[in-house]
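Overview (structure and organization)
This is what each chain is made of:
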Amino acid sequence: MNTNKNSYIFIYASVMVIIVAFLLAFVSSALKPIQQKNVELDKKKQVLAALNIFEKDAEAAYNTYVKADQLLNADGTVAAENGGFAVENAAVSADNLPLYVCEVEGETKYVLPLYGAGLWGPIWGYVALNADKETIYGVYFSHAGETPGLGAEITNRDKFQVPFIGKKALNTAGDVVISVVKNGKVQNAECEVDGISGGTITSNGVNAMLKDGIGLYKAFLTKKCDKGACAAKAECAEQCQTEVVNQ
Amino acid sequence: MSLFSKQNMEALKTPLGMNNPVTVQVLGICSALAVTAQLKPAIVMGLSVTIIVAMANVIISLLRNTIPNRIRIIVQLVVVAALVTIVSEILKAFAYDVSVELSVYIGLIITNCILMGRLEAFAMGNSPWPSFLDGIGNGLGYAKILVIVAFIRELFGSGCLFGYQVIPAWCYEHGYINNGLMLMPPAALIIVGCIIWYQRARHTELQEEQN
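Cut-offs used in this document
Residues numbered from 1 in each chain as written. Chains lettered and ligands numbered in written order. Predicted model: local features only at pLDDT ≥ 70, side-chain atom pairs only at ≥ 80, totals over all residues. Heavy atoms only, no water. Helix = DSSP H or I, 4+ residues; strand = E, 2+ residues; numbered from the N terminus. Contact = heavy atoms within 4.5 Å. Areas by Shrake-Rupley, 256 points an atom, 1.4 Å probe, with all protein chains shown as cover. Lys, Arg positive; Asp, Glu negative; His and termini not counted. Charge placed at Lys NZ, Arg CZ, Asp CG, Glu CD. Buried area = accessible area lost by both parts, 1.4 Å probe. Salt bridge = Lys/Arg side-chain N within 4 Å of Asp/Glu carboxyl O. Polar contact = N/O pair within 3.5 Å; in protein donor to acceptor, adjacent residues only side chain to side chain. Nonpolar A, V, L, I, M, F, W, Y, C, P; charged D, E, K, R; others polar. Phe/Tyr/Trp six-rings, centres within 6.5 Å; stacked < 30°, edge-to-face > 60°. Buried < 20%, exposed > 50% of the residue type's maximum accessible area, 1.4 Å probe, protein only. Lys NZ or Arg CZ within 6 Å of the ring centre and 35° of its normal.

1. Considerations on the overall build of chain B
Of the regular secondary structure elements, chain B holds ten helices and two strands. In chain B, the succession of helices and strands from N to C terminus is α-α-α-α-α-α-α-α-β-β-α-α. Relative to all contacts within chain B whose residues are 6 or more apart in sequence, the contacts with residues 24 or more apart total 73%. Carbon and sulfur atoms form 68% of the exposed surface of chain B, whose accessible area is close to 10,500 Å². For chain B, the centre of its 12 positive side-chain charges and the centre of its 11 negative side-chain charges are spaced 7 Å apart.

2. Examining the interface of chain B and chain A
Contact with chain B, which involves 27 residues of that partner, is made by 26 residues of chain A. Summed over both sides, the interface between chain B and chain A buries roughly 2,300 Å², with carbon and sulfur atoms accounting for 66% of that surface. Three residues stand out in chain B for area buried against chain A, namely R70(B), E89(B) and Y96(B), and they jointly supply 22% of the buried area on that side. On inspection of chain B and its partner chain A, the count reaches zero salt bridges. Linking chain B with chain A are seven residue pairs in polar contact (both at pLDDT 80 or more), by the criterion used here. Every element with two or more residues in the side of chain B that touches chain A is listed here: α4 (72-94), α5 (96-102) and α6 (104-108) of chain B. Ranked by the residues each element gives to the side of chain B that touches chain A, the list is headed by α4(B), at ten residues. Class assignment of the residues belonging to the side of chain B that touches chain A gives a composition of 17 nonpolar, six polar and four charged.

3. Description of the packing of aromatic side chains
Residue and element names in this part refer to chain A. All told, the structure shown has nine aromatic pairs over all chains when counted by the stated rule. With 5.8 Å between their ring centres and 35 degrees between their planes, Y8 and Y12 make a pair best called tilted. Here Y12 and Y8 lie together in helix α1 (residues 6-50), a separation of four residues that amounts to about one turn. Of the residues examined, Y8 reaches a relative accessible area of 15% and is grouped as buried. Considering the side-chain rings of Y110 and F220, the 5.2 Å spacing of their centres and the 80 degrees angle between planes classify their relative orientation as edge-to-face. Linking Y110 in strand β4 (residues 107-117) with F220 in helix α5 (residues 218-222), this pair joins segments that are 110 residues apart in sequence. Residue classification places Y110 among the buried positions, given a relative accessible area of 2%. An aromatic cluster is present here, built from F141, F160 and F164 joined pairwise through their rings. Positioned over the ring face of F85 is K43, at 5.0 Å from the centre of the ring. Residue placement shows K133 over the ring face of Y110; its charged tip is 5.6 Å from the ring centre.

4. A look at helix α7 (residues 113-121) of chain B
All names here are of chain B. Among the residues making up α7, those that are buried are I114, L115, M116, R118 and L119. Packing partners of the buried residues in α7 comprise α3 (39-63), α4 and α8 (128-158). The backbone nitrogen of I114 has a side-chain oxygen 2.9 Å away, supplied by the residue at the start of α7, namely N112.

Structure below.
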């Protein structure tokens, strides 16, 4: 058969494309539910990682520790008790703020989602704050395609993420003070963390992501009186009183 | 002809040494630079390429008599792209961690010159079984170089192997510092160059005739 005839080439190409298209469409739709489940489970693992929890059964651990996935308004009030989990990190905006209210060893922790840009693509993460809404309890960062050994080191827990624990995220005025600085140039150990040498652009990306991401929650984080979470505690109740008087 | 005849074994074995896709055919250099800063991605990349080049070789070899000569490159490309997409989807469903680890590199397999090179040079002219062996051989030959390069780069670039610290802390205390160049892509090029140099010096039959 003459395989170089124009009609043969056209038919061959069309049939090939149709077969491949059907095959890919079939594979994609057949695997979609399983993939969706993996993505959700992975997100739960990431939230837990920000809380320094690395249990095998992430599903069960998530249900134990995360009490609510709230949605906040721009002024820091709760818009919905549930539904925050469905919001992608990239879709977080000033009037669409998911907040994970968690409880670890009897203490309330707040987990905020983060999203920013690295060198080659998006970076994202979660930051867990203590009940005082100021100090960092834990962080988790991940990336799509940063350079292995350089920018990708932001996922290195011991080297990059653990140093964030205990740092101050906000000052009393409500400004985001936590920052990633050039490796070895930490001056204020209270709120500065070493960047990655050779991964400057990714480190700067994490810095900007923290400033923007936490900044969105300023209204919520500066409102120290949260009746739901801490009115029962003595020191908090007192503060609540004064805030109510001031209002 | 038996399945493991001398000729077939040759298709499997020569790419590991005398006809290595990276050091002799000089294919797949681009990805050899990109994924060799650490051992783990290098190994996973090597295995994925092995599987995909073997499968693509078989498919193209089965179709080789029907493929119109004028659009053969496009046909090869479609087969490779479809395979890579399917593998990536399957990884996302059943080995999510691995797919996160590989991220963009799985898509980069499509652009790996070894695939098109072997499809064009071998699968278009040979039957499926030798093509399969040729794919496995070339994939492993590629993986071998990747692992050697990644071993050197990770050891001297970050003092680790597979992410575990192997250079002891007292070395650093005595002034040893990791070589930053090793983490950059040019280091891979230098190492691959050294491997090629070594191989050609040992095997004089690889050297071109001198005038």
